[in-house]
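Architecture at a glance
Listed below, chain by chain, are the residues.
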Amino acid sequence: MAEPTISTPVNKVVVRFSGDSGDGMQLTGSLFSQSSGLAGNDLTTVPDFPAEIRAPQGTISGVSSYQVQFGGTEIYTPGDKTDLLVAMNPAALAANLKFLKPGAMIIVDADEFNRKNLKKAEYENNPLEDDTLSDFRVIKAPIAFMTKEALKDMGLDTKTIMRCRNMFALGLVYHLFSRPLESTVAYFEKKFAKKPEIAKANSKALQAGYSFAESTEINALSMHIPPARLRKGMYRNIDGNTAVAWGCLAAAEKTGKTLSLCSYPITPASEILHELSARKDLGVVVFQAEDEIAAVCASIGAAFAGNLSLTTTSGPGASLKSEAMGLAVIAELPLVMVNVQRAGPSTGLPTKTEQADLFQALYGRHGEAPLIVLAASTPDDCFEFAYEACKLAMEHSTPVILLTDSYLSSGNSPWRITPPQELPDINIPEYKGAPEDWQPYQREAEYLARFWKYPGQARFEHRIGGLEKKENSGNLTYEPLNHELMVKLREEKIARVAKKLPKQNVYGPDSGKLLIVCWGSTYGSAKTAFTELLEEGHDSMGFTHFNYIKPLPENTGELFSRFDELLVCEQNNGQFAAYLQTQYPGLKIRNYNKIQGQPFFVDEIKQKIRETLEESEYAG
Amino acid sequence: MAEPTISTPVNKVVVRFSGDSGDGMQLTGSLFSQSSGLAGNDLTTVPDFPAEIRAPQGTISGVSSYQVQFGGTEIYTPGDKTDLLVAMNPAALAANLKFLKPGAMIIVDADEFNRKNLKKAEYENNPLEDDTLSDFRVIKAPIAFMTKEALKDMGLDTKTIMRCRNMFALGLVYHLFSRPLESTVAYFEKKFAKKPEIAKANSKALQAGYSFAESTEINALSMHIPPARLRKGMYRNIDGNTAVAWGCLAAAEKTGKTLSLCSYPITPASEILHELSARKDLGVVVFQAEDEIAAVCASIGAAFAGNLSLTTTSGPGASLKSEAMGLAVIAELPLVMVNVQRAGPSTGLPTKTEQADLFQALYGRHGEAPLIVLAASTPDDCFEFAYEACKLAMEHSTPVILLTDSYLSSGNSPWRITPPQELPDINIPEYKGAPEDWQPYQREAEYLARFWKYPGQARFEHRIGGLEKKENSGNLTYEPLNHELMVKLREEKIARVAKKLPKQNVYGPDSGKLLIVCWGSTYGSAKTAFTELLEEGHDSMGFTHFNYIKPLPENTGELFSRFDELLVCEQNNGQFAAYLQTQYPGLKIRNYNKIQGQPFFVDEIKQKIRETLEESEYAG
Amino acid sequence: MQAEVKPHTVAYDRKDFMTDQHVRWCPGCGDFMILNTMRKVFADIGVRKEDFTLVSGIGCSSRITYYMETYGIHSIHGRAIATASGVKLANPGLSVWVATGDGDCMAIGGNHFIHAVRRNIDLNIIIFNNRIYGMTKGQSSPTSPEGLKTKTAPGGVYERPFNIGEAAIGCGASFFARVPDKDYKMLEETMHAAYKHKGTSVIEVLQNCVIYTDGIHEQITSKETKDENQVVLSHGETIRFGKDDEYGLVLNGMKLKKEKFGQSIPDEAFLKHDMHEESSPFHLALARMQLPEFPVATGILRQVEDVSYDAQVYNAIEAAKKYTPYKSTSDLFMSGNTWEVK
Amino acid sequence: MQAEVKPHTVAYDRKDFMTDQHVRWCPGCGDFMILNTMRKVFADIGVRKEDFTLVSGIGCSSRITYYMETYGIHSIHGRAIATASGVKLANPGLSVWVATGDGDCMAIGGNHFIHAVRRNIDLNIIIFNNRIYGMTKGQSSPTSPEGLKTKTAPGGVYERPFNIGEAAIGCGASFFARVPDKDYKMLEETMHAAYKHKGTSVIEVLQNCVIYTDGIHEQITSKETKDENQVVLSHGETIRFGKDDEYGLVLNGMKLKKEKFGQSIPDEAFLKHDMHEESSPFHLALARMQLPEFPVATGILRQVEDVSYDAQVYNAIEAAKKYTPYKSTSDLFMSGNTWEVK
Ligand SMILES: Cc1ncc(C[n+]2csc(CCOP(=O)(O)OP(=O)(O)O)c2C)c(N)n1
Ligand SMILES: Cc1ncc(C[n+]2csc(CCOP(=O)(O)OP(=O)(O)O)c2C)c(N)n1
Ligand code: SF4
Ligand code: SF4
Ligand SMILES: [Mg+2]
Ligand SMILES: [Mg+2]
């Protein structure tokens, strides 16, 4: 058996909790994440659960896992591979071996490795007893037995007791990382306020796991991860979907607008709808429409009526909405559409992640129909970019598409709770003249936005729609030159948004051979890969990451020109790279694409960058 | 008054018939086109009628016109401006002055220039009596009066008689161009077989017009246009929509397949649906669906069931179909979608032409969803490219989008009726093995097409759908590498179609400073402009026109490399140019875009080319 | 809680609802009558001009938006109701009207139609039923009668048409009326009733398209034949029709039967119209009546009270606000597990 | 002319319709019963395996396509009926079945549903009605009952649900049946009847979702309560229910009333079930019956003969072929005004 590689102190660790879908691994993992946050660590998490609603118990297809990377430094990804695996049954072990670092530690519930469970996991022999795990440090804990022992006097039925195994395991892990138990115990008391015995059972199991660790070999391994130097403030863990919902809530509150969400359920976007359905208490008007077309049309109606209007979906729904998005463009109404991308085409791999709806966001409407496209990069900055999407939509009287993805939506990262006063102002162009002088397609001079006037406002009655309009008056006209003018005005309006955007940054050297380029959720892996390579001494490369896709920040072209070549890393077949070619013809671009329904691993990107640097060395 | 500029003999002439919507101008024009075809001329026509179903009679908004250019040479456009205008009332005159060449001839029905009509046409004074028309040669013919005279003994009511004014005018024009009357008279006899007095009235009016011309100053002007040297064969005039319908019929007949059309009406695509609805006699199964989504899904069903499957629409409908087109891509079913483009975005200018749905055709689906994109260039080659679309769809088991547009759909050009044996073979990949060995996603080696097996075929039962499939077997799988493989396979399958395509041609010098590039229906104006400039001695430029958009012909890159610069002319904001940048990064491209809902004029393109050549001269 | 529409104080004239846009329908089109009546009703209804929103789809009928001086959206084909639903939910204080065609509403827009009536959202939907696609020049619509020759059915329509009333009531409509375009008095009254009805009001107007289906409703609506062929329903009154009101309806099981008054059947056996009857089969049976067996029923066939969807949405919001610990986003963001980095 | 489905000669077993795919529903899901019954019916029906096509949308229910060894399309969400319509029209000789969920069919797919029943295209549509979105983990569907707590209605559903039968019949359905998932005998018979019915057959299966709406149909279908709460309709027979079949239905105007047999009301006054009655209000009234006032009607509520849409399409084709001068594309292309260039 190999020696544990987790040395004390280390700077970041990847832990993976894994068990049957019924074993409560998501809760276990998220409690552990909370405790890491409380310990001042930065972290990123990702769940990994079966596509089926309820897969057969005990089998590999029924395994549910939760991975977290946390550390005393900035953490951008949940980690390529695992340092510590908690496997609650043989299936969980079998399913996860491929995710382990060599020498990783494995804690198993040894009691579950019986004939029946081994068979379900398709093990012929007990892996705890042959050399399957010889590369790892294995802790065989009698979790089931010990949990039963700990709770035996409480008068609970076996099923209830066995449900507390996960907390025993969590106790073990808490000990390993010297975590206090109080806040978790408090959580139980609150959550099970009406069932105090359940609260108690969970607390007891947690305590028992902790104590068990203390008295066993695990004790020798326990380690301390130092806190990360995060910005001061209040924090909480947040997933990408909740962050989107909250970002829009914040924008509504900032502007005093009512938030309307018109949507139709679809994986992996549904949770935004769920969260806002529960936010009637904050006055959100939620309309679960009969389909995506109704949803987007109702959002157009809501925007016309003066609300901050949102519609949320994933790829298939985004396709259905494309006709109406064209209406929003020509009507020049503020509207935010969030596309939580999943792997396509068509139904594709609905629970897997991808970035392949970029083309559609940019180009997926008939006619010339430009709009703003943004992309979030981490679960927590989904808040910021949802807010930004609302802001830009209202300030520029235009639909905005915000791209997130399955990975961001299900991942968690600590979010610094932005105090309201720190949120950027939202300045909706205000019409100051007399109603008689107002015209529906009159524009504010700097950014060409229309002035938003809506029902209920006397003397601003007007009609809009999908037919081409006369400049300013908005009256219908077939005049050839007016059409050309309006097409150009709509394009120019979006182009001018660039003036307002933050400058695009380069990390690392600001000129050189290779610029690593990515957008949206590839941020985490690419940034980590880049940082590590920088630390390893590679200094002829820079790194830049895009959240503003259309328009691109003003200095983008200049920035690109400082590097010989670009390496564009994205989870599709090269869409952003192709888009960049159209914006800055003649760029020398290499594509690095991963289209596997899962995010890049840091090591993959590092490897690719190294290769590219070598090749260009060789070529140059 | 200026002298007429139409000299005898000339090589091409533009004639425009114009009158009130009720005056039968479309029929008059098309009879004239027929006679031009019979006279051996090449020609192209375009109608121009009110957007309203029935605009107020006698007003400018109620004017309906029909323009034809014909000649003894190849004719690619209906002509920028008119040599001869026939104006049946003051409104027609007022509406069309801007379309006249200086010195053009105008034939008016002088009887209609009364106070009432002048007022409706917004004339304060009678333009026949002031100097409004001093630049033109005006023939004031008493058409109404003469028609009445000619038919007065037939016992017809005034309304019926006045309906024959157009034929009197046509008789006049026939005389001008020395056209025989027989075939038109025969047409009346056939068309009004059940109302012989109507047939006779029309013939008489035609004859009367002809005779009137003989006995007046018009006689002196009559001229002869020599026949064009067209390829031998039978010809007829055809518009783009009929040509599309017929091309698909021909492909169905060639393969022995039943043609299914599932569609929903939309301007300007409806006529394809109308024509095929009338082609039940040739066994076409037409389904007018409840909406575009039903239409495209039903076409997918029909394709799965083994029919040659077609769906037709315009921009808004194409947007609605985008989700299902993704299904057709992943299901790898043969399916032809025709998008008769109109000016967008949204409802846009529904009766006007544009080429702005190219981005949507290429990129308008979520996920990586590649398919074949073709574009027709003239009304008559809509036949050829519809046939080609059907052929490629079936040979490569893929959806194909064929782009035509409003201009092609309403224009007419002579079509050489392709004899069945001249049509290219359609070789649907045939599976030759045993049913047990067949797999749904098995591929033919050369082009990677799937083998099409459908219900009714025993032992090939299988299931397809929108979820990602395992290579070959088509079973559902979430395997990461399989997904990447399948994405690449689908892309590669489309890319390989290029091997089969005709080489891209350059007209004129095959290398030089400037390559004029266009696609789809800009062919006519661009080719004419180019040819004229070539004749004027500009020899540092070539011209190339694309019908195959995705994939591009194999030699495209090489061809581009022979020119310093490209001038891409298109009716949108630069979509094809942007697409070319993604395919051949680093091209030096100038855009020439017209977004006015109407085609390029030849002169506009000539002007632009001249300017560009000068600039690059200067720059170089 | 549902925001109440604010009544206006100034008196309006129908001219106040005219726009500067040229009306582009064919001379003689039935749409003109609907437009005129709508202007009158809007002027009289007691709602401030700025509190109306008129939403339409695409079609000849849908052009009406440009001719009414209120807020309006000329949306996309088939989506008027969906768009209007968003307007109403965003601001339930508005009086929201929908103008739509038989194609717009019953073909491409069918799904939004059935869901609107199911939910009972407070929209007033006017369906201009000319039984054809007018704007696109004469293709069959889902209400085109069998046998009609159209551009897409050159041999005659062979699909069974929708009976709009039956479909609406089957899908849960709380208000359905059918009105000939030329009966502006009936149209006016019906529009007032629709306005008052809190929930989805569906008015099918038998609209004449002079170009493609001229005279299609003539049998029902013409002076000469309407006594026989049309039965104008009036709540609470015995159903009567015929030149001298000599016919009525009686029940035979659940089927309607046409009978003559004053013959063998006692007067009490003749049906009265009860538009408020909650159970729908009676209204369905009325909606189904067709020539030649029966006269066609016009007037308000059904009007039953039920809470509207928009009211329910706002009720739910009020209820949620009452019991929540979150009064602002900060409360929400700070809830649950948080920690401080100092 | 409509191509007839070719009968098979080999005898099938239900195993012949099993595929090699692992069935991925939650243990105990009602979908299993539908799958098993479908396999049995397909084996017994007399159609060759290759002449079946099963089309589904997206949802738990729609997965069934992968488990039936026939031709099949797992299409996109809401589009099963549209896709199936294309299959049937392309090859009317096929026996085309649709499997769809309450969300798939009645939410996003609503338009295709109402148009299919209007046209009466010969599809056999099985709606797995678990009154929830199963696959996407528990959002309200248009059949979710008021008050149900769902992910999108945490305070309880406040929309009025569709009554599928009422909507179907209102839109013109010629065949509608309602069957509990566990009653595999009834399901089997109903599927056979649907197969025989030429036109659109709609079967609503009351399907249990063990995860999100477990027991939602229990009141109607459970052993203990079904005698009281379910009335199984049988054509031509008097409608009876209750522990001892002691209750029946009588008419009160057009309304149904529940009454006890053998009391004051004469036996002849009790209603018999006539599924073939062309007029729909009776079937609508049956479809509308709801707890607690009435038992819920199951079995075949309505089956009336009418020509199917696909038959009409092919009739029109035959007719057109008979009278046309065009026998080939050449005839067509050479028709009208042509000229020769020599
Ligand atoms: C998505 C889309 N599909 C089709 C059309 C074309 N279209 C415009 S109006 C119309 C039908 C109009 O019929 P109806 O609703 O009955 O209105 P009417 O013109 O008869 O008043 C159609 C098919 C469109 N504009 N958009
Ligand atoms: C266009 C589109 N919108 C939404 C979805 C997400 N989606 C998949 S299944 C489903 C609902 C399933 O409910 P139901 O039809 O009742 O089937 P069940 O799972 O309950 O059997 C939804 C909303 C999708 N796949 N595609
Ligand atoms: S086409 Fe018909 S519906 Fe349209 S405006 Fe003309 S008459 Fe009215
Ligand atoms: S979620 Fe419900 S409907 Fe879906 S498989 Fe599980 S039990 Fe069946
Ligand atoms: Mg209509
Ligand atoms: Mg369901």
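Per chain, the residues get numbers from 1 upward, laid out in the order the sequence is written. Each chain gets a letter, beginning with A, and each ligand a number, beginning with 1, in the order they are written. Residue-level local features of this predicted model are given only where pLDDT is at least 70; pairs of side-chain atoms are given and counted only at 80 or more, and the full residue set underlies all totals for whole chains, interfaces and linings. Hydrogens and water molecules were not included; the side-chain quantities draw on all heavy atoms of the structure.

Details of the overall build of chain A
Put simply, DSSP marks the helices as runs of H or I at least four residues long and the strands as runs of E at least two long, and each gets a number from the N terminus on. Looking only at helices and strands, one finds 21 helices and 20 strands in chain A. Taking 2.2 N^0.38 as the reference for a compact globule, 620 residues should give roughly 25 Å; the C-alpha atoms of chain A span a radius of gyration of 27 Å, in line with that estimate. When its C-alpha atoms are laid out on the principal axes, chain A stretches across 85 × 65 × 45 Å. Between buried and exposed lies partly exposed: a residue is buried under 20% and exposed over 50% of the maximum accessible area for its type, with that area taken using a 1.4 Å probe on protein chains only. Taken over 620 residues, chain A has a buried fraction of 67%. A contact between two residues is defined here by any heavy atoms of the two lying within 4.5 Å. Nonlocal contacts in chain A, meaning residues at least 24 apart in sequence, comprise 76% of its contacts between residues at least 6 apart. Each accessible area is a Shrake-Rupley result for a 1.4 Å probe, and residues are judged covered by the shown protein chains and nothing else. Summed over all atoms, the accessible surface of chain A reaches about 20200 Å², with 48% contributed by carbon and sulfur. Taken over C-alpha atoms, the radius of gyration is set against a globule rule of 2.2 Å times the number of residues to the power 0.38.

Digging into the site of ligand 3
Around ligand 3, the neighbouring residues are B:Ile53, C:Trp25, C:Cys26, C:Cys29, C:Cys60, C:Asn130, C:Gln207, C:Cys209, C:Val210, C:Ile211 and C:Tyr212. This site is not confined to one chain, since residues near ligand 3 come from chains B and C. A per-class count over the shell around ligand 3 returns nine nonpolar, two polar and no charged. When we say a residue is near a molecule or strand, we mean one of its heavy atoms is within 4 Å of it. Residues are grouped as follows: Ala, Val, Leu, Ile, Met, Phe, Trp, Tyr, Cys and Pro are nonpolar; Asp, Glu, Lys and Arg are charged; all remaining types, including Gly, are polar.

Notes on the coordination of the magnesium ion (ligand 6)
All names here are of chain D. Here the magnesium ion (ligand 6) is held by Asp102 (OD), Asn130 (OD1) and Ile132 (O), and the distances to it run 2.0 to 2.2 Å. Read in sequence order, the donor residues coordinating the magnesium ion (ligand 6) give the pattern D-x27-N-x1-I. Of this pair, aspartate 102 sits in helix α3 (residues 102-106) while asparagine 130 sits in the loop between β4 (124-129) and α5 (164-170), and the two are 28 residues apart along the sequence. We classify aspartate 102 as buried; its relative accessible area is 2%. Donor criterion used throughout: N, O or S atom within 2.8 Å of the metal, extended to 3.2 Å for Na, K and Ca. Water excluded; incomplete-looking sites may result.

Considering helix α8 (residues 196-214) of chain B
Residues and elements named next belong to chain B. For a helix, the expected span equals 1.5 Å multiplied by the number of residues minus one. Between its first and last C-alpha, α8 extends 27 Å over 19 residues, near the 27 Å set by a 1.5 Å rise per residue. Three or more residues of α8 are buried, namely Ile198, Ala199, Ala201, Asn202, Ser203, Ala205, Leu206, Ala208, Gly209, Tyr210, Phe212 and Ala213. Contacts made by the buried residues of α8 are with β6 (137-141), α4 (143-151), α5 (158-162), α6 (165-176) and α7 (182-191).

Quick look at the site of ligand 1
If you check the shell around ligand 1, you find 22 residues, and the closest are B:Glu292, C:Cys60, C:Ser61, C:Asp102 and C:Asp104. Residue neighbours of ligand 1 fall on chains A, B and C, so the site bridges chains. Residue C:Asn130 places a side-chain N or O atom 2.9 Å away from an oxygen atom belonging to ligand 1. Considered on its own, ligand 1 offers 590 Å² of accessible surface; in the complex 98% of this is hidden by protein. Elements represented by at least two residues in the shell around ligand 1 include exactly α12 (315-320) of chain B together with α3 (102-106) of chain C. Here the element with the most residues in the shell around ligand 1 is α3(C); it accounts for three residues. Its residues placed into classes, the shell around ligand 1 shows 10 nonpolar, eight polar and four charged. Definition of a polar contact: a pair of N or O atoms within 3.5 Å, with one able to donate and the other able to accept a hydrogen when the atoms are protein atoms, and with sequence-neighbouring residues admitted only if both atoms are side-chain atoms.

A closer look at the interface of chain C and chain B
Facing 28 residues of chain C, the contacting portion of chain B comprises 24 residues. Once two parts are joined, some of their accessible surface, as seen by a 1.4 Å probe, is lost; buried area is that loss totalled over both. Across the chain C/chain B interface, buried area totals approximately 1900 Å², and carbon plus sulfur atoms make up 58% of it. When residues of chain C are sorted by the area they lose upon contact with chain B, C:Arg24, C:Ile108 and C:Thr152 head the list and together hold 23% of the total. The salt bridge criterion pairs a side-chain nitrogen of Lys or Arg with a carboxyl oxygen of Asp or Glu, the two atoms within 4 Å. Counting every contact that joins chain C to chain B gives zero salt bridges.

Things to note about the pairing of strand β19 (residues 563-570) of chain B
Residues and elements named next belong to chain B. Burial analysis of β19 places seven of its eight residues in the buried class, which makes it a mostly covered element. When DSSP finds at least two bridges between two strands, those strands are taken to pair. Of the strand pairs in this sheet, β19 and strand β20 (residues 589-593) are connected by five bridges, and their pairing is parallel. What sits directly across from leucine 566, in β20, is isoleucine 589.

Points about the sheet that holds strand β7 (residues 230-232) of chain C
Within the open sheet, the nine strands sit side by side as β15(A)-β2(C)-β1(C)-β3(C)-β4(C)-β6(C)-β5(C)-β10(C)-β7(C). Their pairing is mixed. For this open sheet the edge positions go to β15 (463-465) of chain A together with β7 of chain C, each flanked by a neighbour on one side alone. Across the sheet, the axes of successive neighbouring strands diverge by a mean angle of 20 degrees, strand direction being ignored. Each axis is a line fitted through C-alpha atoms, taken for helices only over the stretch in contact, and angles between the N-to-C directions span 0 to 180 degrees. Running at roughly 155 degrees to strand β10 (residues 296-303) of chain C, helix α9 (residues 281-288) of chain C makes contact with β5 (175-180) and β10 of chain C of the sheet.

Some words on the pattern of salt bridges
Taken as a whole and judged by the stated rule, the model has 91 salt bridges over all chains. For the salt bridge of D:Asp44 with D:Lys40, the shortest nitrogen-to-oxygen distance reads 3.1 Å. With D:Asp44 and D:Lys40 both in helix α1 (residues 31-44) and four residues apart, the pair spans about one turn of that helix. Through salt bridges that share partners, A:Lys12, A:Glu532, A:Glu536, A:Lys606 and A:Arg610 make up one connected network.

Describing the interface of chain C and chain A
The interface of chain C with chain A comprises 55 residues on the first partner and 64 residues on the second. With both chains or domains summed, chain C and chain A bury close to 5100 Å², and 64% of this area falls on carbon and sulfur atoms. Sorting the residues of chain C by area buried against chain A places C:Tyr71, C:Phe333 and C:Trp339 first, and these three jointly supply 18% of that buried surface. Taken together, the links from chain C to chain A amount to two salt bridges.

Comments concerning the nonpolar core
For this analysis, a nonpolar core means a set of buried residues of the types Ala, Val, Leu, Ile, Met, Phe, Trp, Tyr and Cys, connected via side-chain atoms within 4.5 Å. With 361 residues, the main nonpolar core has A:Phe576, B:Phe576, C:Phe113 and D:Phe113 as its most contacted residues. With residues up to four places along the chain from it excluded, the contact list for C:Phe113 reads C:Ile81, C:Cys105, C:Met106, C:Ile127, C:Ile164, C:Ala168 and C:Val202. A:Phe17, A:Phe32, A:Leu206 and A:Leu221 belong to the second-largest nonpolar core, a separate cluster that totals 49 residues.

Let's talk about the sheet that holds β20(B)
All names here are of chain B. The sheet built from four strands is open, its strands ordered β17-β16-β19-β20 with parallel pairing. Two strands bound the open sheet, and with one partner strand each, they are β17 (541-546) and β20. Each neighbouring strand pair of the sheet contributes to a mean axis angle of 20 degrees, computed without reference to strand direction. Contacts from helix α18 (residues 523-535) reach β16 (512-519) and β17 within the one sheet, and its direction differs from that of β17 by about 165 degrees.

Some details on the environment of C:Cys171
Its location among the elements puts C:Cys171 in the loop between α5 (164-170) and β5. Here the alpha-carbon distance between C:Cys171 and C:Ile121, two residues 50 residues apart in the chain, equals 13 Å. In contact with C:Cys171, other than residues within four places in its own chain, are C:Ile114, C:Val117, C:Arg118, D:Phe162, D:Ala167 and D:Cys171.

Considerations on the side chain of C:Asn129
Residue and element names in this part refer to chain C. For asparagine 129, the location among the structural elements is in strand β4 (residues 124-129). For asparagine 129, a relative accessible area of 3% puts it in the buried group. One polar contact links the side chain of asparagine 129 to the main-chain amide nitrogen of arginine 131, over a distance of 3.0 Å.

Thoughts on the packing of helix α1 (residues 25-38) of chain B against α6(B)
Residue and element names in this part refer to chain B. The N-to-C vectors of α1 and α6 enclose an angle of 30 degrees; their axes lie 10 Å apart at closest approach. One finds that α1 runs roughly parallel with respect to α6. The two elements α1 and α6 meet at a crossing, and its hand is right-handed. On α6, the residues that touch Met25, Leu27, Thr28, Leu31, Phe32 and Ser35 of α1 are Asn166, Met167, Leu170, Val173 and Tyr174. Partitioned by chemical class, the residues of the contact of α1 with α6 number eight nonpolar, three polar and no charged. Orientation categories follow fixed angle ranges, with anything under 35 degrees roughly parallel, anything over 145 roughly antiparallel, 65 to 115 roughly perpendicular, and all other angles oblique. Crossings are assigned a handedness: left-handed for a near helix turned anticlockwise from the far helix by less than a right angle, right-handed for a clockwise turn.

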